[in-house]
Structures are given as structure tokens and as C-alpha cells.
Amino acid sequence: MAAGISLKLVIPSEVKLVDVVHSASEKMAEVAGFDEDEALNIGLAVREAVINAMLHGNKQDPSLDVEVTLSLLSDALEATVRDRGGGFDPNQTPDPTQGNNLLRTSGRGLLLIRAFVDEVDFDLPADGGTRITMTKSYPSVGP
């Protein structure tokens, strides 16, 4: 692991750019010491957060940026995704595992994010938008 490394990407809300962020996230996870499967999972979590930021936060307005910061901390990889939209309450998002939501073709992003990382925090910065911070502790090294 290489604590202290940080990478920031600022991209317009254009879905075609999601693969760039996914690749960068997966590569940072590999640099941090995660195996191939965990690196993929981290990449998928960041990908889902970026898609949500573009589609739901910024309403696909390419003039509104999505900021992604990937940081290697002393004990974990931290990924932060911020949109410039009106903000939202994640507790008001319908549970995709309940009732009619099971048949919906969307709405599973937060479920996937929570499954692939250890901690997920949301906040609404004073100057607007929503910021999601995802943290994945480094893999433990054997004896």
C-alpha cells in the first residue's frame, strides 16, 4: 500500500466517461494491495456512485461536473464522489429488495455500493450537491 497518494478526477456528467473513473478506481485499489476481485468490487462501487451523481444528482447536465477523489489513507482506500445537484436523502430511496421494487430495472446502486465497501457516508455540502464517501479497509496481511 502507498498511503498518502490521492487522485482527483473532475468530469462532466456524460455517462460515456464512467469507464474512465471505474478503471482509475480499480487501479488505485490494486495499488493499495487489494486482490483482483476486491479491486473490481471497489471499482463497481465507485462506478455506481458516479452514475447516480450524473443521472440523479446532475440530471445528466454536461455543464455540471462530478468530482471523484480516490485517496490511499493509512488504513483504508477512500473514494469520494460529489455532484452539483439539489441533494437527496438516501434514507428516502426505496428498498430494491422489497415488494414491487424487485421488478424494477433500476434502483440497486446504493445496495451494490453498500455491499462492496465497508463504510458509506452521505453529506450535503453547504455550497450544494451531494457527496458520498466510501471507505474500504485494506486487506489484512497474514502472520
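As a reminder, the structure under discussion sits directly above these lines.
If you're wondering where the values come from, they're calculated on a predicted model, not measured in any experiment.

1. Observations concerning the packing of aromatic side chains
Next up, step 1: According to the stated counting rule, one finds one aromatic pair in the structure shown.
Next up, step 2: Each ring, one from Phe 34 and one from Tyr 138, has its centre 6.0 Å from the other, and the planes form 45°; the classification is tilted. Residue Phe 34 is found in the loop between helix 1 (18–31) and helix 2 (36–57), and its partner Tyr 138 is found in the segment after strand 5 (131–137); the two are separated by 104 residues along the sequence.
Next up, step 3: The class of Phe 34 is buried, set by a relative accessible area of 7%.
Next up, step 4: The class for Tyr 138 is buried, based on a relative accessible area of 13%.

2. A short note on the nonpolar core
Next up, step 1: In this structure, Val 46, Val 50, Val 66, Val 68, Leu 77, Val 81 and Met 134 are the most contacted members of the largest nonpolar core, which totals 31 residues.
Next up, step 2: Taken together, the elements giving at least two residues each to this core come down to strand 1 (6–12), helix 1, helix 2, strand 2 (65–72), strand 3 (76–82), helix 3 (109–116) and strand 5.
Next up, step 3: At eight residues, helix 2 tops the list of elements feeding residues into this core.
Next up, step 4: In this view, Val 50 contacts Ile 11, Val 18, Val 21, Val 66, Val 68 and Val 81; residues no more than four positions away in its chain are not counted.

Criteria and thresholds
- Residues numbered from 1 in each chain as written.
- Predicted model: local features only at pLDDT ≥ 70, side-chain atom pairs only at ≥ 80, totals over all residues.
- Heavy atoms only, no water.
- Phe/Tyr/Trp six-rings, centres within 6.5 Å; stacked < 30°, edge-to-face > 60°.
- Helix = DSSP H or I, 4+ residues; strand = E, 2+ residues; numbered from the N terminus.
- Buried < 20%, exposed > 50% of the residue type's maximum accessible area, 1.4 Å probe, protein only.
- Core = buried A, V, L, I, M, F, W, Y, C linked by side-chain atoms within 4.5 Å.
- Contact = heavy atoms within 4.5 Å.

Interpretation note: all reported values are geometric properties and have no functional meaning in isolation.
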